[in-house]
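# Overview (structure and organization)
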Amino acid sequence: MALREINSKMVEATVMPGQRLFSQRGAMLAYRGEVSFTPNIQGGQGGVMSMIGRRAAGEAAPLMSVEGSGTVLFGHGGHHVQVISLTGDTLFVEADRLLAFEGTLEQGTMFMGSQGGVMGMVRGQVSGQGLFTTTLKGHGSVAVMAHGGVIQIPITPQRPVHVDPQAYVAHHGDVRNKLSTALGWRDMVGRGSGEAFQLELSGNGTVYVQASEEKL
């Protein structure tokens, strides 16, 4: 695995010749060896369509392509970091929560409304997050960011998980998402998010939840 946690705020990446990493712009803290950092306008393996999705999601800055031979320390804003290892499955994660990921993973985007219908689109307005969620598929490691730490909650057919949209970080597995209201429409007047809306995740998989609702 190219990415490993050094402490709760930093990850170390091993960069090898012929392999590539992608990181959020401004995430490099230090490095050793012969390593280069260049803006990547193609959006990883996802190509132009991935870039369009990230633009629509409000991610203006391009990813950085990291190549060469050495080690790099990544972190951003003092946020908590969590490394997730993928073994052929797909990770769904907000674009602004991505710290770094291996170039072996194929990047794409998913329109939240495609799973959640009209209410899925409402999610972007309520949480302040985009209507698009980044997808990473294949074999490799991903470092994600969160406020106040991350907890993994298993999702099973018998026990769906309800998450505050602003506390959601990422999920993977055979999972369906649906945004529902916990209060009547009249009760939500003047409320930004909180418990007024809940993101329901059902199926088989894992959801990553952050300890704070603060936006990145």
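If you're wondering where the values come from, they're calculated on a predicted model, not measured in any experiment.

## Here we look at the pairing of strand 2 (residues 10-15)
Where strand 1 (residues 3-7) and strand 2 come together, 4 bridges link them in antiparallel fashion. Residue pairing for strand 2: Glu5 is matched across the bridge by Val11. Linking strand 1 back to strand 2 in an antiparallel pair, the connection comprises 2 residues. Sheet analysis places strand 2 next to strand 5 (residues 63-74), joined by 5 bridges and oriented antiparallel. Following the sheet pairing, Val15 is matched in strand 5 by Gly70.

## A word on the side chain of Gln24
Structurally, the position occupied by Gln24 is in the loop between strand 3 (21-23) and strand 4 (28-40). Those residues in contact with Gln24 that lie beyond four places of it in its chain are Leu63, Met64, His76, Ala95, Asp96, Leu98, Leu99 and Met145.

## What about the pattern of salt bridges?
Tallied over the entire structure, the rule returns 3 salt bridges. Its salt-bridge partner being Arg4, residue Glu12 comes within 3.0 Å of it at the nearest N-O pair. Taking relative accessible area as the criterion, Glu12 reaches 12% and is therefore assigned buried. Arg4 sits in the partly exposed class, given a relative accessible area of 46%. The partner of Glu67 in a salt bridge is Arg20, and the shortest N-O contact between them spans 3.6 Å. Taken together, the residues Glu67 in strand 5 and Arg20 in the loop between strand 2 and strand 3 connect sequence positions 47 residues apart.

## Quick notes on the pairing of strand 5
It is a general feature of regular strands that their side chains alternate between the two faces of the sheet. Here strand 3 runs beside strand 5; their pairing, made up of 3 bridges, is antiparallel. Bridging from a neighbouring strand, Leu21 pairs with Val66 of strand 5. Sheet analysis places strand 4 next to strand 5, joined by 12 bridges and oriented antiparallel. Within strand 5, the position partnered with Glu34 by the bridge is Ser69.

Quick notes on the rules
- All residue numbers refer to positions counted from 1 along the written sequence of the respective chain.
- Restriction of local features to residues with pLDDT of at least 70 applies here, the model being predicted, together with a cutoff of 80 or more for giving and counting side-chain atom pairs; totals for whole chains, interfaces and linings are based on all residues.
- Excluding hydrogens and water, the side-chain figures rest on all heavy atoms present in the structure.
- One requirement defines pairing of two strands: DSSP has to find at least two bridges between them.
- Every helix listed is a DSSP run of H or I at least four residues long, and every strand listed is a run of E at least two residues long, numbered separately from the N terminus.
- Any two residues whose heavy atoms approach within 4.5 Å are treated as being in contact.
- Note on definitions: salt bridges are taken to be side-chain nitrogens of Lys or Arg within 4 Å of carboxyl oxygens of Asp or Glu.
- Summary of the burial criterion: residues with accessible area below 20% of their type's maximum are buried, those above 50% are exposed, and those between are partly exposed, where the area comes from a 1.4 Å probe applied to protein chains only.

Take it as geometry only, folks, not as evidence of what the structure does.
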